[in-house]
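Structural overview for review
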Amino acid sequence: MQFEDIPGVGPKTAAALEELDDAERALKDGDVAALSRSPEISDGRATAVARGVIRKRHNDDSNFLATRRAREIYQDVLALLRDRAITEYATKRLATLYPTASSTRIEEARAFVTAATTTEIPIDDTIQETLSGVEPLTTPTISRIRDRCIATSDPERYAKADDVFPEVSVEVVEDTRELAELARSYSTVIALDERFAGIDIEGDVQIHPDAIDTPNKIVPERVLQYFATNRDRILAAVKVHEQTNLDPPCSVSKLRDVLKKVDTDGTVVGDAELTRLTTAVADLDAAVSTAESVANDRLREAIQQRDVTIEGTDFLSLVEQGARVDSLFGRELNDEYDSAVAAAREHLIEAIELRPSEADFAERAFPTDPTFPVEHESSVISRLRTELTTARDRKAAQRKREVADELTTLQQPVQKLVRAVLELDVERAIAKFAHDFECTMPTFIDDTEIPDQTGNTNRDTPDTAADSPQSEINSSSEAKHITDSDGSLIRGFNISGGRSPLLDVEFSAVEAIDYRVSGVTLLSGVNSGGKTSTLDLVALIAILAHMGLPVPADNVRLERFSELHYYAKTQGTLDAGAFESTLRDFRELADGASNRLVLVDELESITEPGASAKIVAGILEALEDQSATAVFVSHLADEIREAADFSVAVDGIEAVGLEDGELIVNRSPIKGRLARSTPELIVEKLADSDGSESQFYHRLLQKF
Ligand SMILES: Nc1ncnc2c1ncn2[C@@H]1O[C@H](COP(=O)(O)OP(=O)(O)OP(=O)(O)O)[C@@H](O)[C@H]1O
């Protein structure tokens, strides 16, 4: 893959990707965690790169989130999803889901999401703890290996080997003599050239022409260390597989058995012979010293129990010729000496479990000629130590290779196994989101159903807007976009039972909203009735739907929008400069992409009411001309309609009454209804009272 072909990837990021071990795989899988392992690539950058790959795959150059408020809602969506992820991997990976206008990308994401929400993934706490122990597998750095070197006479092979084996010394040798020299300095020399095969050199020289392709055979420490370092995460992933009935890519019991053979530091354990040799080397000095004590204790006891009669001649030779007492001791206690030394040898053999082939060292470990105290033959013990150490190292190397071979065959399946669990966490987060907010999959209006700017569709469906049963449809703007005989819209959105998880109340207390908009609409309503919350809900649903995700509603049907423009309410009147730049923003709306969704909250607050009504009317006209879907929240609906050159639809969030000074609100906007304001409701309530002053309130009511 040419990394620089990915949208948004420049030479610097491309170079950083080149350095990664499995960049292609990570890019393909959207594995942000693996991409951000490069010190040059931040989490945010990695997410952008992963999205770039998806965009490239779908030829997607859309810019769905066109305004700051739209991007904020998207961040809120991501936060809701991420809150439901357990692993850091899933947290990062979820950010690769983005809203888009590309139908193929939406379909791809929907297929993934459908699989996630229909598979039986436990979303309760049962696998939460185990999942938290799963992380992407890491490749540990191996410290320098000094007992081996790699040799070749070919400079090209040298360069390759030097690259593949950073932890081993790689040497160029001209001839057999230089190879022999290396064999004297290293325990093992791995020669890469066939030409050295069959040459008689002292030492361990192995010919491996394919060493570069089988690095784990030359440096088994790599795979051993890999499994040692990743053991806990692998075992946690295995447990998740078992708890969720995932199909593991390798035998789980075999994996567990092999893992038992590697210690946490990468050493091979669990081999009886290797354990014997390792213990024998470690305990040799102690065993020899105890064996000496065994012999000396016996002899001392024998001497103490013995009455020795010295004959005159012996005594004379001791006195006259300076003969040593040893000779006398040897003659007198020969048998006792033999049995004491035999006990010492036996102790040595037993203590360090010497094999019959090694027992000869024990035989020679103590002098055969009687002497007291008995002392071991240090040269023999030293040779025994060398022998045991060599055998131990050879056995360790052999076991390393054997276990490494077993682990090498498991390396790829284990990577798959762990990745499957990490992906499961991504799916689980989505499934949990869908469950927690009682989501359903939205339906997109088929592209062929969407009319062109004159209102004609590609379908052969009669325009029934005129006699639509939806009596509340009061505007030409909306009617133009509705052609289905059942009154269902073919532009815009239709939300039934939508509940926003972004509200400042518990989700269980959120009142469901039905709202349908096609064309350009004003949304009026009482103070705190939920107008802003409704816009937030529409934006949230549009974003989720265009991410391919389920939405928090009973039923949603919507157009595949090209962009979402959501403008939040401005805080107070703008100064001239800010006002001018806001107008420029809205001018861009006048000739942007078609079929956009535009949501605007109380634009009138940017300037004085009279002027803003005219400005809003002008913007609505431009949007109407483009067949955009737009909802403008406003308290100036009447003034705006008056200023507009077409019949603008008005919806209203109404208060159904006042209770203890609190408004009772019907949160679902009513189509074709200009909602009464809060003051109007209060005046109406006062006018209804029986008192004499009600006349005054009646007069006031006339003014509304
Ligand atoms: N669907 C709902 N279910 C439950 N509570 C809601 C719902 N919609 C809004 N609310 C509550 O009403 C409060 C006010 O909502 P919101 O700010 O959207 O009203 P508004 O009409 O935009 O107000 P204003 O006229 O001040 O702009 C919210 O903070 C929330 O507590």
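Everything quoted here is computed from the prediction, not taken from an experiment.

1. Things to note about the overall build of the protein chain
Within the protein chain, the regular secondary structure consists of 25 helices and 14 strands. The globule rule puts the C-alpha radius of gyration for 704 residues at 27 Å, and the 43 Å found for the protein chain is more than 25% above it. For the C-alpha atoms alone, the extent of the protein chain along its principal axes is close to 155 × 70 × 50 Å. Burial statistics for the protein chain: of 704 residues in total, 40% are counted as buried. Long-range contacts, defined here as pairs at least 24 residues apart, represent 70% of the contacts in the protein chain between residues at least 6 apart.

2. Observations concerning the site of the ligand
Around the ligand lies a shell of 15 residues, among which E511, G530, K531, T532 and S533 are the nearest. For the shell around the ligand, the residue count by class is four nonpolar, seven polar and four charged.

3. Quick notes on the environment of E624
Tracing the sequence through the fold places E624 in helix α22 (residues 609-625). The sequence separation of E624 and G519 amounts to 105 residues, and the corresponding C-alpha distance is 6.7 Å.

4. Considerations on the sheet that holds strand β2 (residues 168-172)
Ordered in space as β2-β1-β3-β4, the four strands form an open sheet in which the pairing is parallel. Single-partner strands in this sheet number two, and they are β2 and β4 (204-207). Strand-to-strand twist across the sheet, computed as the mean angle between neighbouring axes with direction ignored, equals 25 degrees. Bridge count for strand β3 (residues 188-191) against β4 is four bridges, and the pairing is parallel. What sits directly across from A191, in β4, is I207.

5. So, the confidence of the model for the protein chain
Looking at the protein chain as a whole, its pLDDT mean stands at 87, while 92% of the residues score no less than 70. Here residues 457-476 is a poorly scored stretch, pLDDT under 50, and it has 36 contacts once near neighbours within four places are set aside; other chains count. As scored by the predictor, the complex reaches a pTM of 0.81 and an ipTM of 0.98.

6. So, the packing of helix α5 (residues 68-82) against helix α20 (residues 531-547)
Contact pair α5 / α20: the axes reach a minimum separation of 10 Å and the direction vectors enclose 70 degrees. Put simply, α5 runs roughly perpendicular to α20. As for how α5 packs across α20, the hand of that crossing is right-handed. Residues A70, I73, Y74 and V77 of α5 form the contact with α20, whose participating residues are D536, A539, L540, I543 and L544.

7. Side note on the packing of helix α12 (residues 220-244) against helix α18 (residues 378-436)
Running from N to C, α12 and α18 cross one another at 40 degrees; their axes reach a closest spacing of 8 Å. If you check the angle between α12 and α18, you find them oblique. Considering only the axes of α12 and α18, their crossing is left-handed. Contacts between α12 and α18 involve P220, V223, L224, F227, R233, I234, A237, V240, H241 and T244 on the former and, on the latter, K400, R401, V403, A404, L407, T408, Q411, V414, L417, V418, V421 and L424. Looking at the contact of α12 with α18 residue by residue, the class counts come to 15 nonpolar, four polar and three charged.

8. A few points about the UniProt feature "binding site: ATP" (unreviewed entry) in the protein chain
Under the UniProt annotation, the feature "binding site: ATP" (unreviewed entry) is placed at G525, V526, N527, S528, G529, G530, K531 and T532. Note on placement: G525 falls in strand β8 (residues 520-525). Among residues more than four places away in sequence, those in contact with G525 are K531, G652, I653 and A675. With respect to the element layout, G530 can be found in the loop between β8 and α20. In this structure G530 comes out as buried when scored by C-beta crowding, with 22 C-beta atoms within 10 Å. Excluding anything up to four places from it in sequence, G530 contacts I653, V665 and R667.

9. Quick word on the environment of D338
With respect to the element layout, D338 can be found in helix α16 (residues 325-351). Taking the C-alpha atoms as reference, D338 lies 9.7 Å from L299; in sequence the two are 39 residues apart.

10. Structural notes on the sheet that holds strand β13 (residues 649-659)
A sheet is described by the order of its strands in space; here six strands give the open sequence β10-β11-β12-β8-β13-β14, paired in mixed fashion. A single partner strand is all that each edge strand has here, and the edge strands are β10 (564-567) and β14 (662-670). Ignoring which end each strand starts from, the neighbouring axes of this sheet average 15 degrees apart. Sheet topology places strand β11 (residues 597-601) next to strand β12 (residues 629-633); five bridges connect them, and they run parallel. Residue pairing for β12: L597 is matched across the bridge by T629. On top of the sheet, α22 reaches β8, β11 and β12; it is set at about 165 degrees to β12, its chief contact.

11. Here's the deal with the nonpolar core
A539, I541, A542 and L564 are the most contacted members of the largest nonpolar core, which totals 156 residues. Per-element tally for this core: the top contributor is α18, with 19 residues. Residues in contact with I541, not counting those within four places in the same chain, are I495, G498, V551, A553 and V556. Listed in part, the 20 residues of the second largest apolar core include I150, L179, A191 and L192.

12. A short note on unusual backbone geometry
A cis amide bond links F372 to the next residue, P373, at an omega of -5 degrees. Unusually for a residue other than glycine, E438 sits at a positive phi of about 45 degrees. Here E438 is to be found in the loop between α18 and β5 (443-444). Phi at E602 takes a positive value of approximately 40 degrees, unusual for a residue other than glycine. Within the element layout of this structure, E602 appears in the loop between β11 and α22.

Cut-offs applied
Residues numbered from 1 in each chain as written. Predicted model: local features only at pLDDT ≥ 70, side-chain atom pairs only at ≥ 80, totals over all residues. Helix = DSSP H or I, 4+ residues; strand = E, 2+ residues; numbered from the N terminus. Rg over C-alpha atoms; globule rule 2.2 N^0.38 Å. Buried ≥ 20, exposed ≤ 12 C-beta atoms within 10 Å, placed from the backbone. Contact = placed C-beta atoms within 7 Å. Near = placed C-beta within 6 Å. Nonpolar A, V, L, I, M, F, W, Y, C, P; charged D, E, K, R; others polar. Pairing = 2+ DSSP bridges. Axes fitted to C-alpha atoms, helices over the stretch in contact; angles between N-to-C directions. pLDDT = per-residue confidence, 0-100. Parallel < 35°, antiparallel > 145°, perpendicular 65-115°, else oblique. Left-handed = near helix turned anticlockwise from the far one by under 90°. UniProt positions renumbered as here; feature names shortened; annotations may be inferred. Core = buried A, V, L, I, M, F, W, Y, C linked by C-beta atoms within 7 Å.

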